[in-house]
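Structure assessment
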Amino acid sequence: MSEAAANQASESYLSRGWRLRDWLFTTDHKRVAWLYTVSITAFFFLGGLAALVIRLELITPEGDVVSADAYNQLFTIHGVVMVWFFLIPSIPNTLGNFLLPLMVGAKDLAFPKLNIISWYIYTIGGVFTIAAVITSGVDTGWTFYTPYSTQYADRAVVAALTGVFVVGFSSILTGINFIVTTHKMRAPGLTWFRLPLFVWANYATSLVMVLATPVLSATLILLILERMLGIGIFDPALGGDPILFQHLFWFYSHPAVYIMILPGMGVVSELITCFSRKTVFGYHGMAISILAITVFGFLVWGHHMFVSGQSLYAGLMFSFFTFLVALPSAIKTFNWTATLYKGKLIFSAVMIYALSFVGLFTIGGFTGIFLASLAVDVHVHDTYFVVAHFHYIMVGGMVTAYLGGLHFWWPKMTGRMYPEIWAKVAALALFIGFNLTFFPQYLMGYAGMPRRYQTYPEDFQILHVMSSLGAGVLAIGYLLPLVYLLWSLRWGKRAPPNPWRAAGLEWRTDSPPPKHNFLEPQTVTGPPYDYDTIDNK
Amino acid sequence: MTTTPSTTSKAAPDEQFDDLTQQRQADLMGMWIFLATELMLFGGIFTAFTVYRFAYPEVFAEAATHLDLKLGTFNTALLVTSSLFMALAERAVNAGQRRKTLAFLFVTIGIGVVFLGIKGYEWHHEYTEKLMPILGLAFEYPGAHPDRAEMFFNFYYVLTGLHAVHMSLGLVTLSVMVVFTWRWRDPSRLGRQIQINGLYWAFVDVVWVFIFTTQYLLRA
Amino acid sequence: MNDEVAPYLPEVEKGLHLIPTQATEHAGQLDHLYFALVGASAIILLMVVGLIAFFGFRYRAGNKAADRSNLPSTRTENRVEIAVLAAMLVAFMGFFAWATTLYLDSYRGPEPAMTIDVIGKQWMWKIQHPDGTREINAIHVPVDEVIRLRVTSQDVIHSFFVPAFRLKRDVVPGTEKTAWFKATEPGEYRLFCAEYCGSFHSRMLGKVVVMDRGDYQAWLTRQGSGQTLASAGKQLFQAHGCSGCHMGKSNARAPSLDGLYGRSVALDSGEVILADEAYIRDSILQPDKHIAAGYEPIMPSFAGQLSEEDILRIVTYIKSLQPGDWVKESVKENEGESR
């Protein structure tokens, strides 16, 4: 190779190619990760805006901020956007896209073109749905329960369903890409039980994406056909069963919860080990737990239907498996805590995010046990208790992990450091704001406050006001990082290749990495998280 | 690094792979996983069908007799034959026989088109019989319990329609393969592509066998 | 605004109760389970947070004095994991058994004193008492009696939710579910729709009024409904021509229905089925589903022709028939004719 070519090869992936088409037609996984980051951030703030209006409305018991229909459309937008356009793609398609090839020592994903195509599918599907929802309003809730969605809801239900259906393909393509990359493109010496837990988590997530998403696609096709062509598969008048829709829907949507949380678990394992300067407690147990969650996650969908009238024995089985699926999560929580034992703990902003995750996930997980308990679920099903539970997992867990991961790998992705002090402020605001928003919702749930209510008995007002106040603090926790991370792109300190002295292949290359990730092929000779060796060097 | 477009006909893997074997394995694995997703897609609908088939066994069995078993059987035979030619095309391309590959691909596509033609004729026939409960068309079912029978026909159109969409996509990609074979630029890459198309075609074939069994054969 | 929407929030159960009023025995039992769960999770949460705080202080990077030697071996790690797993499994199975027992009890009720029909409709609750009394968005029931509810929906899925009873049941169109409760405290309790059902979901509210036995009777008398459910059902039975075949007044042959309820019926398919409410309902709406042995499947479906209230009335009528009722009736009629 000539010297000029060698120089070019060692340049960072960001150093040249700043015309629009260099980004829009890129196949570089690192650039696609950025495209995803931009889209996802836009969707996140849109969904957050809807949530903010909802919280404003709920400050008073009367419906005085928006109309009843507008309220229903708002929580539909919030649910659809946050579930499908933010939570599901968030960690896999941003951090995962950027890091998976780096962590396995590959030059790119196995199918770079599919990768960029999946971004187009995702963005176009998402924008299409938003346009439909905003111009004509959809008020079915993100769950699209029949027969409301098929026969009673008017307006753009078909458009919304089509958008979600289209976005499903981007999940499938990402899943295929990640699975094949993990199987076929690992560096020499990188055996399965030397993989970082982040790779394990994304691999398991991809399995769920690939196996569950098509069932959602099938279900959405049936709904679309019922609305457009009158092919009534769930129509009670033809002997159709609305509960069958729920079975098909939750067969996807419960495993989808694991699509959302598993990558977060992977991120946190990386963060905690690095800032404890120590290998993870029980690496094998952690990896096996991820697989166990994946498998059991497919057997628990019926726990969304304990009061819907499925057979008592079905309910019993689903409850049983739900208790079982909690076991590996409990092990993981225990192991994260035990990892701190005899470490050298550094309380950086990233570590605060990671430890917040552990605390909030524990609360979310335990209230999951409440919901798995059949008799308790009968009382709290479809109340704010459920709302609080899944926000503790999805926001307290997933979003916290996402932000923690984003900070941790920010120097690698951008080549810049962010201001640590502001990051700490944001992390604390997030933790406090989150608890203030969602803990009161547990209380009002057991007290009997049903969800998706625009107006409510005034006794609940005090709790709703606390929740809305918390949402304000939470918003600060989200807006701050947006500001100082963007600021750091221009004014942040330049980052060395490995600012945290972290283990993992991605830290062996420059920050930001060159186009083909590594200048020379990587080999792996030992287990992951070998912080003893790094610190004693 | 600016990539120079490869003008040489020498077989080289894409830049993210180390060698051709790795690329071939990765491509095939990707296709198999994709077929798994397709299986789950059809599996969802077949599950729904099974639920109703057990709920209303007599009506569904009776409704199935209103489908054309002869044409269905003939179509099944056609599709299995086309898979044979698809396999022959795979063999031919790996043996480097351009003309044979082209011929086999043409036969496969031809049979596929005939299949869709017959399917279309069947649909038209059912339309004239007023057995098409779509878009508010009149549904005049001669047997007992027309509402439950309508449910059967709903599934019939969903399944055969979805299958026809998959067939059409397969025909499009096979036509692209014809163009690539015509040009014969990178036989090693072409071999991979045709093998992957063959997998897809076989899958579409297998799905049809299930549709044929559940819709046509499970009759009173 | 739709004028069928309840214009008020029922003025009942004022004040914030983090543990809602316990108006049934089940409510008290469930709260015990809830407290146990809260206690168990609080202990574990405190352990996790406590450990994080303790390790965080002890092993902070600045503390050079901490003993960091002798890290646990992989073997030890595995043993600890298995111990934690086993402890959690035992705790979880305990909660599973407890919660499931309560759940099954809350479904399989004792013999009910009366059955009340609840029909959900966008955005109101319609109630029918056995004596034909009807009310909207309110259910009056006597205290200390086992009340059985038959719940169904006329349009979309709703959910019948009374927090004070810890009772919730989805109300699904095309199917009929049952629920039961035995209120122990007179009073007024909130009734919510818990399953999202469209524009005015949050105003689909009502109340359950639990009254002393005497007050309840007085209330019933004041309502003064003309006709019991069963007799209304009988009229419908005749008006829709059911009696024509089933009472042998036309040429078509159909099984007699007196004494049907609770009997085992032999089916054409060779199976035997218990004639419960679901069976009677299915036979009206999907006559082909279970064909009685020895009869032709000639009965048309009445799906779409009968409102949910009417179906419940006819089912009540058929349930009320004792063996031999029809024979007596036709004897009476014949006597009438011959006079």
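A quick note: this is a predicted structure, and the numbers were derived from the prediction, not measured.

Conventions and cut-offs
Residues numbered from 1 in each chain as written. Chains lettered and ligands numbered in written order. Predicted model: local features only at pLDDT ≥ 70, side-chain atom pairs only at ≥ 80, totals over all residues. Heavy atoms only, no water. Disulfide = S-S within 2.5 Å. Buried < 20%, exposed > 50% of the residue type's maximum accessible area, 1.4 Å probe, protein only. pLDDT = per-residue confidence, 0-100. Contact = heavy atoms within 4.5 Å. Buried area = accessible area lost by both parts, 1.4 Å probe. Salt bridge = Lys/Arg side-chain N within 4 Å of Asp/Glu carboxyl O. Pairing = 2+ DSSP bridges. Helix = DSSP H or I, 4+ residues; strand = E, 2+ residues; numbered from the N terminus. Axes fitted to C-alpha atoms, helices over the stretch in contact; angles between N-to-C directions. UniProt positions renumbered as here; feature names shortened; annotations may be inferred. Core = buried A, V, L, I, M, F, W, Y, C linked by side-chain atoms within 4.5 Å. Domains from an automatic or database assignment. Parallel < 35°, antiparallel > 145°, perpendicular 65-115°, else oblique. Left-handed = near helix turned anticlockwise from the far one by under 90°. Nonpolar A, V, L, I, M, F, W, Y, C, P; charged D, E, K, R; others polar.

1. Some details on the state of the cysteines
Residue and element names in this part refer to chain C.
- With the rule as written, the count across this model stands at zero disulfides over all chains.
- Cys-197 takes part in no disulfide bond, and the closest cysteine sulfur, belonging to Cys-193, lies 3.9 Å away.
- Note on Cys-197: relative accessible area 0%, which makes it buried.

2. Digging into the confidence of the model for chain B
- When pLDDT is averaged across chain B, the result is 91; 95% of the residues are at 70 or more.
- Of the regions scoring below 50 in pLDDT, residues 1–9 of chain B engages in six contacts with residues more than four places distant in sequence or in other chains.

3. Description of the interface of chain A and chain C
- Taken together, the contact pairs 86 residues of chain A with 80 residues of chain C.
- Here chain A packs against chain C, burying approximately 7,300 Å² in sum over the two surfaces, 71% of which is carbon and sulfur.
- The three residues of chain A that bury the most area against chain C are Leu312(A), Lys342(A) and Tyr446(A), which together make up 10% of that side's buried surface.
- The interface formed by chain A and chain C holds one salt bridge in total.

4. Some points on the sheet that holds strand β1 (residues 114–121) of chain C
Residue and element names in this part refer to chain C.
- Spatially, the five strands line up as an open sheet ordered β3-β2-β1-β5-β8, and their pairing is mixed. Each end of this open sheet is capped by a strand with a single partner; those strands are β3 (134–136) and β8 (177–181). Neighbour to neighbour, the strand axes of the sheet diverge by 25 degrees on average, direction disregarded.
- Those strands touched by helix α7 (residues 308–320) are β1, β2 (124–128), β3 and β5 (147–153), and its axis lies near 140 degrees from that of β5.

5. Digging into the UniProt feature "domain: Heme-copper oxidase subunit III family profile" (unreviewed entry) in chain B
- Listed under "domain: Heme-copper oxidase subunit III family profile" (unreviewed entry) in the UniProt record, and renumbered for this structure, are residues 29–220 of chain B.
- Helix makes up 84% of residues 29–220 of chain B and strand 0%, whereas the separation of the span's terminal C-alpha atoms amounts to 42 Å.

6. Here's the deal with the nonpolar core
- Grouped together as the largest cluster of nonpolar side chains are 336 residues, with contacts concentrated most on Trp84(A) and Phe165(C).
- Per-element accounting of this core gives the leading share, 21 residues, to helix α10 (residues 242–276) of chain A.
- Residues from two domains meet in this core; each of domain 1 (25–59 + 75–107) and domain 2 (114–224) of chain C gives at least three.
- Aside from chain neighbours lying at most four places away, what touches Trp84(A) is Gly79(A), Pro89(A), Tyr122(A), Trp142(A), Phe144(A), Val164(A), Val167(A), Leu216(A), Phe249(A) and Tyr252(A).

7. Focus on the sheet that holds strand β6 (residues 158–162) of chain C
Residue and element names in this part refer to chain C.
- Spatially, five strands are ordered β4-β10-β9-β6-β7 in an open sheet, and the strand pairing comes out mixed. Every interior strand has two partners, whereas the edge strands, β4 (138–142) and β7 (167–171), have only one. Looking at each pair of strands side by side, their axes are set apart by 20 degrees on average, direction ignored.
- Pairing of β6 with strand β9 (residues 187–193), which is carried by two bridges, proceeds in the antiparallel orientation. Its bridge partner lying in β9, Phe-161 is registered against Phe-192.
- Along the sheet, helix α3 (residues 213–223) makes contact with β4 and β10 (206–211), crossing β4 at roughly 130 degrees.

8. Points about the interface of chain B and chain C
- Facing seven residues of chain B, the contacting portion of chain C comprises six residues.
- Around 520 Å² of area is buried between chain B and chain C when both sides are counted, 43% of it from carbon and sulfur atoms.
- Our count for the chain B to chain C interface comes out at zero salt bridges.
- For the side of chain B that touches chain C, the elements supplying multiple residues, two or more each, are α2 (57–64) and α5 (146–183) of chain B.

9. Some points on the environment of Ile273(C)
Residues and elements named next belong to chain C.
- Considering the arrangement of structural elements, one finds Ile-273 in strand β12 (residues 272–274).
- Sequence separation between Ile-273 and Thr-24 is 249 residues; the distance between their C-alpha atoms is 34 Å.
- In this view, Ile-273 contacts Arg-263, Ser-264, Val-265, Leu-267, Tyr-279 and His-290; residues no more than four positions away in its chain are not counted.

10. Details of the packing of α10(A) against helix α12 (residues 312–339) of chain A
All names here are of chain A.
- Here α10 crosses α12 at 20 degrees, and the two axes come no closer than 10 Å. By the angle between their directions, the pair α10 and α12 is classed as roughly parallel. When the axes of α10 and α12 are compared, the crossing they make is left-handed. Only Val-325, Ser-329, Lys-332, Trp-336 and Thr-339 of α12 make contact with α10, whose side of the interface consists of Tyr-258, Met-265, Val-268, Ser-269, Ile-272, Thr-273 and Ser-276.
- In terms of residue class, the contact of α10 with α12 is made up of six nonpolar, five polar and one charged.

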